[in-house]
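# Examination of the molecular architecture
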Amino acid sequence: MRNKTILFGDEFPEFQFEYDGFVNNENLSVIDRLPIATINDDWPVKAGNHNIEMSGGEDNNYEFNYINGVLTVIQTYQISVGASENGWVAKSLNDSKHDSLSERVIEKGTSSSFYAIAKPGYNFSNWDNGSTKNPISFNQVDHDISIKALFSPKVGNNVVVSEEYDLTAYPN
């Protein structure tokens, strides 16, 4: 059994078996019933190491010597970034604009940078955690994070915004 490493939140993995000891140019096709691999924990499992146990193989010409493996699940955390109604978020200034984005980050890892992009007639004010960094990223992540970009109307202008046009009237 080959050891396997996945991220917390991944689907149940396929395990890869290793076989040797066939004679007379035989291969897996001659085995009456192939072994199966299981873990003794309910899915989804917590981060950490979990034994992969093999059992169930049967054949009239071969005996099985099982060598169990280890499933390593690396802790991840969810970063959720959203925008209030007067803007968008993106992973770069040239990237597609979205109402929200999310990504998983490994424990103690660093997230992508997230940009708050204001709609016409608005400015980025701050994130709802009080930060004014733009872009914002998260280092040494050790918990799920949810944050929203907040926007305010441009000051000193009378701004009319619609789906069809953007009009700014400046006072004399």
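For the structure, see preceding data.
Below, the structure is looked at part by part. Just so we're clear, the structure is a prediction, and the values are computed from it rather than from any experiment.

Of regular secondary structure, the chain possesses zero helices and 12 strands. Mapped in sequence order, the helices and strands of the chain form the string β-β-β-β-β-β-β-β-β-β-β-β. By the compact-globule yardstick of 16 Å for 172 residues, the chain is too spread out, its C-alpha radius of gyration being 27 Å. With the principal axes as the frame, the chain shows a C-alpha extent of 95 × 30 × 20 Å. Sorting the 172 residues of the chain into buried and exposed places 27% on the buried side. Taken as a whole, the chain presents about 11,400 Å² of accessible surface, with 43% of it coming from carbon and sulfur. Each charge class in the chain was averaged separately, 12 positive and 24 negative side chains, and the resulting centres sit 11 Å apart.

A few words on the sheet that holds strand E1 (residues 4–7). Taking strand neighbours across the sheet as the criterion, the four strands line up as E1-E4-E3-E2 in an open arrangement whose pairing is mixed. A strand with exactly one partner marks an edge of an open sheet, and here the two such strands are E1 and strand E2 (36–39). Going from strand to strand, the sheet's axes swing by 30 degrees on average, the running direction of each strand aside. Summarising the sheet, E1 and strand E4 (residues 69–74) pair through four bridges and their orientation is parallel. Opposite Leu7, over in E4, you have Ile74 as the bridge partner.

As for its position among the elements, Ala90 is in strand E6 (residues 87–90). Overall, Ala90 belongs to the buried group, its relative accessible area being 0%. Distance from Ala90 to Arg33, taken between C-alpha atoms, is 51 Å for residues 57 residues apart in sequence. Once you skip the residues sitting within four places of it in the chain, Ala90 turns out to touch Asp95, Ser96, Leu101, Ser113, Phe114, Tyr115 and Ile117.

What characterises a pair of aromatic rings is the spacing of the ring centres plus the angle enclosed by the ring planes. In the structure shown here, the tally under the stated rule is seven aromatic pairs. Seen in terms of ring centroids, Phe64 and Tyr66 are 5.9 Å apart; in terms of plane orientation they differ by 15 degrees. Their pairing is stacked. Seen from their ring centres, Phe124 and Phe151 are 6.1 Å apart, and the 70 degrees between their planes marks the pair as edge-to-face. Of this pair, Phe124 sits in strand E9 (residues 122–127) while Phe151 sits in strand E10 (residues 145–153), and the two are 27 residues apart along the sequence. Judged by relative accessible area, Phe151 falls into the buried class, the value being 9%.

What counts and how
- Residues numbered from 1 in each chain as written.
- Predicted model: local features only at pLDDT ≥ 70, side-chain atom pairs only at ≥ 80, totals over all residues.
- Heavy atoms only, no water.
- Helix = DSSP H or I, 4+ residues; strand = E, 2+ residues; numbered from the N terminus.
- Rg over C-alpha atoms; globule rule 2.2 N^0.38 Å.
- Buried < 20%, exposed > 50% of the residue type's maximum accessible area, 1.4 Å probe, protein only.
- Areas by Shrake-Rupley, 256 points an atom, 1.4 Å probe, with all protein chains shown as cover.
- Lys, Arg positive; Asp, Glu negative; His and termini not counted.
- Charge placed at Lys NZ, Arg CZ, Asp CG, Glu CD.
- Pairing = 2+ DSSP bridges.
- Axes fitted to C-alpha atoms, helices over the stretch in contact; angles between N-to-C directions.
- Contact = heavy atoms within 4.5 Å.
- Phe/Tyr/Trp six-rings, centres within 6.5 Å; stacked < 30°, edge-to-face > 60°.

Note that all results are geometric; they support no functional claim without further evidence.
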